[in-house]
Amino acid sequence: MGLMGFEVEIERAQNGGGVVTEDMTLNMGPQHPSTHGVLRFIVRADGEVMKSAIPDVGYLHRSIEKIAEKVGWHGFIPYTDRVDYVAAMFCNHGWALAAEKLAGIEIPKRAEYCRVIADELCRLHSHLLSVGTMAMDIGAFTPFTHAIREREYLNDLFEELCGARLTFHYMRIGGVGWDLPPGWTEKVLVFLDRFEAMIEEYNRLISYNKIFVARLANVAVVSAAEAIDYNLVGPNLRGSGVRYDVRRDDPYSIYPELDFEIPVGRGEMGTLGDSFDRYIVRMDEMKQSCRILRQAIRQIPKGPVMAKVARNFKPPAGDTYVRLESARGDMGWYVVSDGTAFPYRCKIRTGSFTGISIIEHVSHDLMIADLVAVIASLDLVAPEIDR
Amino acid sequence: MGCDAAQIHARLVERFGDAIGAPTGQGRDTALAVAPERIAEVARFLRDDSDLAFDCLSNLSGVDYPKLGCIQVVYHLFSYRYRHWIVLKANAQRDDPVVPTVSGIWSHADWQEREVFDLLGVRFPGHPDLRRLLMPEDWPGHPLRKDFVEPEEYHGISTSRESLLKA
């Protein structure tokens, strides 16, 4: 086959056609170390230059939205962990927020603080994996081990908090499952002291490394208007210079009581909205998460961590759409109740879903090797796309 | 300055007349029913009108209501410029659900409509590439429909198994 094609090409060239090139179709994935889960791309390339990369998803579809209709309101919480197992806390939180809004439940103040502390630790957890694997995808292995080392301390903290290291099942409708263990906040503070210094170390090691910057700067530039049109959220949106964060602009929980900044991309290494900007926003956000954690630990009040919620939970009929700022940005939960013990419909609009849909648009004219950098810079987590 | 749902409703009624239903729900979740065949026009107006400027389709989902004989396509719209919200609901006939695409208005709708087509079987005429998104191409039926029955096997692979705990 290949040889025959070659002969045709020579013949065409000899007949005065000049050099004849044909587009090549490449298959990347579903099993590929840089796709962060099971995810496939169909790449049409002219030599090393891509004409398009078309994502093919669904390999991790576990019909979580259908499961919601079968397992009841409380029973669905462990499943939400699996929506985005890299940042499971936010999925717990989103589901709890939606159910509480439908039923009009106020949760105790201490529970709100527990949630925010868990959320922000989870943000560090997720961003560390994102920036670490990003360096690895590009070819620098050492930074990944640094990131994973720090993440390991977080795993230990989570394990002490809720018994699990990845799929936490920590939050409940009406509060959180357990209060913070005795002496736990001190351990978090020790971790933060260590970790804040580590962010600087990590920046020295990789963020401003010449090769790393060259691989990311000016690659896959997304303008602010495009970001909004494709509904990019979180660090992907802020990387394009849009200063919007659900925690500040549409606040939930106790975020209005906390003081933090919202880092945005500045185009410091190339063009505003390039892959480097999306990366550096995550690094800056980790510093802000540390700041939020210190305040929350200082301000946390005493009291119960669960509101009174019926075991046979039946929120009144109606629908609601709640959003929260997950590690991958604005996560939307559209939940419909028909007044029974089972949710009528649950739709989860995740950050990775919006992120992957822009790849076909930005992949034009990139090098094939840039595709992994783009996937990493958009922080795509395949289970969150497929649900 | 942002508009509240009542103002948005008034603007739409002024422009589209009885294609727009009365507002239902409260606060952020206030929804307007829109005649499904006119959804694309309404969406374009909401995006392009300088006082409304809904530049972002935050969410698009479908809900099956067999008792009402319809599949409802729900649009959650947000304006980054004015920070206001509106929810649109289009009830498509359940036996042949058709709703014009809004993918030319918000690029985000492209994948969302593919998902709704895949899981609920709503067709979106005008969509550039309406293929299944999450389920395999040859999957029978649309799983998020309430009357969906899971097939017993798929290409010879059983979809259930006996309980390991059975005595």
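Residues numbered from 1 in each chain as written. Chains lettered and ligands numbered in written order. Predicted model: local features only at pLDDT ≥ 70, side-chain atom pairs only at ≥ 80, totals over all residues.

From N to C terminus, chain B includes three helices and seven strands. Summarising its shape, the C-alpha atoms of chain B cover approximately 65 × 35 × 30 Å along the three principal directions. In chain B, buried positions account for 40% of the 167 residues. Sequence-distant contacts, at least 24 apart, represent 50% of the contacts inside chain B between residues at least 6 apart. (Helix = DSSP H or I, 4+ residues; strand = E, 2+ residues; numbered from the N terminus. Buried ≥ 20, exposed ≤ 12 C-beta atoms within 10 Å, placed from the backbone. Contact = placed C-beta atoms within 7 Å.)

On to the interface of chain B and chain A, then. Note on interface size: it is often stated as the accessible area lost on association of the parts. Counting from both sides, the interface comprises 22 residues of chain B and, opposite them, 26 residues of chain A. Elements that contribute at least two residues to the side of chain B that touches chain A include exactly strand 3 (56-65), strand 4 (70-78) and helix 3 (109-120) of chain B. The element contributing the most residues to the side of chain B that touches chain A is strand 3 of chain B, with six residues. Its residues assigned to classes, the side of chain B that touches chain A shows 12 nonpolar, six polar and four charged. (Nonpolar A, V, L, I, M, F, W, Y, C, P; charged D, E, K, R; others polar.)

So, about the pairing of strand 4 of chain B. Residue and element names in this part refer to chain B. Taken across its nine residues, strand 4 has eight buried, putting it largely inside the fold. Bridge count for strand 3 against strand 4 is nine bridges, and the pairing is antiparallel. The residue of strand 4 that forms the bridge with C56 is F78. Relative to strand 5 (residues 85-93), strand 4 runs antiparallel, the two sharing nine bridges. Paired with L77 across the bridge in strand 5 is I86. As consecutive antiparallel partners, strand 4 and strand 5 are separated by six residues, and within that stretch R83 has a phi angle of approximately 60°, a positive value. (Pairing = 2+ DSSP bridges.)

Residues and elements named next belong to chain A. In spatial order, the strands read 1-2-3; together these three strands make up an open sheet with antiparallel pairing. The open sheet has two edge strands, strand 1 (24-28) and strand 3 (49-56), and neither has a second partner. Within the sheet, the average angular offset between the axes of one strand and its neighbour, ignoring direction, is 20°. (Axes fitted to C-alpha atoms, helices over the stretch in contact; angles between N-to-C directions.)

All names here are of chain A. Looking at where S352 falls in the secondary structure, it is placed in helix 13 (residues 351-357). Along the backbone, S352 and V233 are 119 residues apart, and their C-alpha atoms lie at a distance of 8.8 Å. Those residues in contact with S352 that lie beyond four places of it in its chain are R328, L380, V381, E384 and I385.

Bringing unusual backbone geometry into the picture now. Trans peptide bonds make up most of the peptide bonds, and negative phi angles are found at most residues other than glycine. Although it is not a glycine, N231 of chain A sits at a positive phi angle of roughly 55°. Looking at the secondary structure, you find N231 of chain A in the loop between helix 9 (224-229) and helix 10 (235-239). Positive phi, close to 60°, is recorded for R83 of chain B, a residue that is not glycine. Checked against the element boundaries, R83 of chain B lands in the loop between strand 4 and strand 5. Take R83 of chain B: there are 12 C-beta atoms within 10 Å of it, and that puts it in the exposed class.

The predicted model of chain A averages 87 in pLDDT, with 94% of residues at 70 or higher. Here residues 1-5 of chain A is a poorly scored stretch, pLDDT under 50, and it has zero contacts once near neighbours within four places are set aside; other chains count. (pLDDT = per-residue confidence, 0-100.)

For the rest of this paragraph, the subject is the confidence of the model for chain B. Taken over all residues, the pLDDT of chain B has a mean of 88, while the share at 70 or more is 99%. Across the assembled chains, the prediction reports ipTM 0.89 with pTM 0.87.

The next thing to look at is the pairing of strand 8 (residues 343-349) of chain A. All names here are of chain A. Across the seven residues that make up strand 8, a large majority, six, are buried. Across six bridges, strand 7 (residues 329-337) lies against strand 8 in antiparallel orientation. Bridge pairing in strand 8 links W333 to I348. Between strand 7 and strand 8, which pair antiparallel in sequence order, lie five residues; one of them, G339, sits at a positive phi of approximately 85°.

The subject of this paragraph is the sheet that holds strand 1 (residues 20-24) of chain B. Residue and element names in this part refer to chain B. Judged by pairing direction, the sheet is mixed, and its five strands sit side by side in the order 1-2-5-4-3 without closing on themselves. Looking at the sheet topology across the chains shown, the edges are occupied by strand 1 and strand 3. The sheet shows a mean angle of 25° between the axes of neighbouring strands, taken without regard to direction. Helix 2 (residues 39-48) contacts strand 2 (31-34), strand 4 and strand 5 of the sheet and is inclined by roughly 170° relative to strand 5. Against the sheet, helix 3 touches strand 3 and strand 4, its axis set at about 10° to strand 3.

All names here are of chain A. Considered domain by domain, chain A is made up of domain 1 (2-56) and domain 2 (64-386). The C-alpha centroid of domain 2 is placed 36 Å from the C-alpha centroid of domain 1. Between domain 1 and domain 2, the residue contacts involve 18 residues of the former and 18 residues of the latter. Where the side of domain 1 that touches domain 2 is concerned, the elements lending two or more residues are strand 2 (40-46) and strand 3. The element best represented in the side of domain 1 that touches domain 2 is strand 3, accounting for seven residues. Counted by class, the side of domain 1 that touches domain 2 contains 11 nonpolar, five polar and two charged residues. (Domains from an automatic or database assignment.)

With that settled, the discussion passes to the environment of Y202 of chain A. Residue and element names in this part refer to chain A. Mapped onto the elements of the fold, Y202 is located in helix 7 (residues 184-207). Judged by the 21 C-beta atoms lying within 10 Å of it, Y202 falls in the buried class. A C-alpha to C-alpha distance of 9.1 Å links Y202 and M283, two positions 81 residues apart in sequence. When residues no more than four places from it in sequence are discounted, the contact partners of Y202 are P143, H146 and S207.

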